[in-house]
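Examining the three-dimensional arrangement
These are the residues of each chain, in order.
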Amino acid sequence: MKNEKLKSIIVLTVICLVVAALLALTNSVTAPIISTARAEKVERSLKTVLPDAGDFEEIEALPENAPATVSAVYRAADGSYAVVLAARSAYSSGDMGITLGVGPDKQIKGITLTSYQESKDFGRDTYPQNYVGRTASDYAGVDSFAGVTYSSKALKAAIGDAFAVIEILEGGGAQ
Amino acid sequence: MKKTKVFTNGLLKENPVLVLVLGTCPTLAMSVSIINAIAMGLAATAVLICSNIVISLLRKVIPDTVRIPCYIVVIAGFVTLVQMLMEAYLPDLYEMLGVYLALIVVNCIILGRAEMFANKHGVLESALDGLGMGFGFTLALLAMATVREVLGNASFAGMKIGFLENYKIPILTAPPGGFLVFGCMIALVAHITKGRAPFKKSFDCEGCPSASFCRKDCAGCAEKTETEAK
């Protein structure tokens, strides 16, 4: 009986270790490819949200008090900002990748979702476009909606975070 | 059992979706479009074949008490492997499948075949069973997706069918339409197989993953099933 228990523990542990080793090996091969593809996707999304802004320069040191959802901020020569966000709602298992383009007049010029695992309609619906033309003072007026597979609440909060980080940067809050 | 029969069983007679009614969640979600259906079918087939082979190889090593956790670890490992490879080499398809790719781990077809077949048979037979069941799953998804996409969206694999544009039945692309088509397909297969498939021996208490603990509470279950089968 004792031997059986011990055997069960050993077998399950060995299987877990072998599977983990295989996954680690696969990850070492695929991780660089995946991260390059993601970076390229973000690059493309900058052009999608601000097609006329010209070249972008990434702000290397984000302010310390920048919201946690902000992954990167890019500044264009004409004063536009493209903010890359990774928002997470309470129920989702993965981040919602958002790129937001804010023009020199601080109006939202474009918004695109770059990744989200939990919606089969991801990227095909028009809801995020309701924010185009909104500013920091009136973006909260866009209605949220229910019955969809991604969180409009998380999207709205992320947009607020984007405006917050731009305000910090414009106000000289970068540290 | 003949090897060809092991393979062909999963296609129609013991089709995992339309006869065993397993894997209903991905079936309904992924049968909206033909491309999604093929992608999901092939991903599940790959996991099914690999997990069946590994479980068959380890069937004499894995103790009975921890067999389910062992199967889950093996299946989850293969699903994660497929996820990583798909995200790296087929990113568009990876995005299309979304969360349903990860949900292959809990797909009843895969755990069901591990428990009902792979842990009782040799490697080659288990691989053929995985292939047959995987193709059966893919074919069922494809058949449902064809009906739903052609009649519901007037397109075939994304290509528009002009003459159907004014005769679309949009409900077929929505969840109620999925259930409707699913029900019709099950009825069709039951008609073709004359409804005999569900009474095969492999679907009685012996083949049930819960048999070992279920029978403790239901002593007469085995006798009852045998009488019914007769």
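This is a predicted model, so every value here is computed, not measured. (Residues numbered from 1 in each chain as written. Chains lettered and ligands numbered in written order. Predicted model: local features only at pLDDT ≥ 70, side-chain atom pairs only at ≥ 80, totals over all residues. Heavy atoms only, no water.)

1. Points about the overall build of chain A
The number of helices and strands found in chain A is 2 helices and 5 strands. Helices and strands appear in chain A in the N-to-C order α-β-β-β-β-β-α. Burial statistics for chain A: of 175 residues in total, 42% are counted as buried. Partitioning the intrachain contacts of chain A with sequence separation of at least 6 by distance along the chain shows that 49% fall at a separation of at least 24. Approximately 9,600 Å² of chain A is accessible, and the part contributed by carbon and sulfur atoms is 56%. (Helix = DSSP H or I, 4+ residues; strand = E, 2+ residues; numbered from the N terminus. Buried < 20%, exposed > 50% of the residue type's maximum accessible area, 1.4 Å probe, protein only. Contact = heavy atoms within 4.5 Å. Areas by Shrake-Rupley, 256 points an atom, 1.4 Å probe, with all protein chains shown as cover.)

2. Considering the pattern of salt bridges
This structure, assessed with the given rule, holds 8 salt bridges over all chains. Across the pair K109 of chain A and D105 of chain A runs a salt bridge, and its minimum N-O distance is 3.1 Å. Of the residues examined, K109 of chain A reaches a relative accessible area of 39% and is grouped as partly exposed. What makes D105 of chain A partly exposed here is its relative accessible area of 44%. R67 of chain B serves as the salt-bridge partner of D64 of chain B, at 3.6 Å between the closest nitrogen and oxygen. Looking at R67 of chain B, the relative accessible area reads 13%, which means it is buried. (Salt bridge = Lys/Arg side-chain N within 4 Å of Asp/Glu carboxyl O.)

3. Some details on helix 1 (residues 2-49) of chain A
Of all the bends in helix 1 of chain A, the largest measures some 40° and sits at T30 of chain A, one to four residues before the proline P32 of chain A. Here helix 1 of chain A has its buried residues at S8, V11, I15, V19, L23, T26, T30, I34, V42, S45, L46 and V49 of chain A. (Bend = angle between axes of the 7 residues up to and from the residue.)

4. Looking at the packing of aromatic side chains
Aromatic rings considered in pairs are described by the distance between their centres and by the relative angle of their planes. Taken as a whole and judged by the stated rule, the model has 2 aromatic pairs over all chains. Taking the centre distance of 5.6 Å and the plane angle of 35° together, the rings of Y139 of chain A and F163 of chain A count as tilted. Here F163 of chain A lies in helix 2 (residues 152-170) and Y139 of chain A lies in the loop between strand 5 (108-115) and helix 2, a separation of 24 residues in the sequence. Using a relative accessible area of 17% as the deciding quantity, one classes Y139 of chain A as buried. When the ring of F7 of chain B is compared with that of F135 of chain B, the centres are 6.1 Å apart and the planes differ by 80°; the resulting orientation is edge-to-face. You can see F7 of chain B sitting in helix 1 (residues 3-9) and its partner F135 of chain B sitting in helix 8 (residues 123-153), a full 128 residues away along the chain. Overall, F7 of chain B belongs to the partly exposed group, its relative accessible area being 22%. A residue is classified by how much of its surface remains accessible, and F135 of chain B, at 35% relative accessible area, is partly exposed. (Phe/Tyr/Trp six-rings, centres within 6.5 Å; stacked < 30°, edge-to-face > 60°.)

5. Section: the nonpolar core
Residues V47, L101 and I104 of chain B are the most contacted members of the largest nonpolar core, which totals 50 residues. Mapped by element, the contributors of at least two residues to this core are helix 1 of chain A together with helix 2 (24-30), helix 3 (34-57), helix 4 (67-89), helix 5 (91-97), helix 7 (108-118), helix 8 and helix 9 (175-192) of chain B. In terms of residues, this core owes the most to one element, helix 3 of chain B, which gives 9 residues. Once residues lying within four places of it in the same chain are set aside, the contact partners of L101 of chain B are M40, A43, V79, V82, Q83, M86 and Y94 of chain B. Ranked by size, the runner-up nonpolar core spans 29 residues in total, among them A66, I98, I108 and I159 of chain A. (Core = buried A, V, L, I, M, F, W, Y, C linked by side-chain atoms within 4.5 Å.)

6. Overview of the confidence of the model for chain B
Close inspection of predicted coordinates is inappropriate in any region flagged by low pLDDT. Summary statistics for chain B give a mean pLDDT of 84 and a share of 84% for residues scoring 70 or more. Averaged pLDDT values over the elements of chain B bottom out at 51 in helix 11 (residues 221-229) of chain B and peak at 93 in helix 8 of chain B. (pLDDT = per-residue confidence, 0-100.)

7. A word on the environment of I62 of chain B
Tracing the backbone shows I62 of chain B in the loop between helix 3 and helix 4. C-alpha separation for the pair I62 of chain B and N119 of chain B, spaced 57 residues apart in sequence, amounts to 9.4 Å. Once you skip the residues sitting within four places of it in the chain, I62 of chain B turns out to touch V11 and I15 of chain A together with R67, C70 and Y71 of chain B.

8. Regarding the side chain of T112 of chain A
All names here are of chain A. Note on placement: T112 falls in strand 5. Exposure remark for T112: the relative accessible area of 18% places this residue in the buried category. Among residues more than four places away in sequence, those in contact with T112 are S45, T48, V49, G97, I98 and T99.

9. Side note on a negative patch on the surface
Residues and elements named next belong to chain A. A contiguous patch of negative charge on the surface is contributed by E40, E43, E57, E58 and E60. Contributions of two or more residues to the negative patch are made by helix 1 and strand 1 (56-58). Structurally, E40 can be placed in helix 1. (Patch = residues over 30% accessible without salt bridge, like charges linked within 9 Å, V, L, I, M, F, W, Y side chains within 5 Å. Lys, Arg positive; Asp, Glu negative; His and termini not counted. Charge placed at Lys NZ, Arg CZ, Asp CG, Glu CD.)

10. Re the pairing of strand 3 (residues 81-87) of chain A
All names here are of chain A. The buried fraction of strand 3 is high, at 6 of 7 residues. Here strand 2 (residues 70-76) runs beside strand 3; their pairing, made up of 5 bridges, is antiparallel. By the bridge assignment for strand 3, A72 is matched with V84. Between the antiparallel neighbours strand 2 and strand 3 lie 4 residues, among them G79 with a positive phi of about 95°. Of the pairings in the sheet, the one linking strand 3 to strand 4 (residues 96-102) comprises 7 bridges and is antiparallel in character. Across the sheet, the residue bridging to L85 is I98, located in strand 4. (Pairing = 2+ DSSP bridges.)

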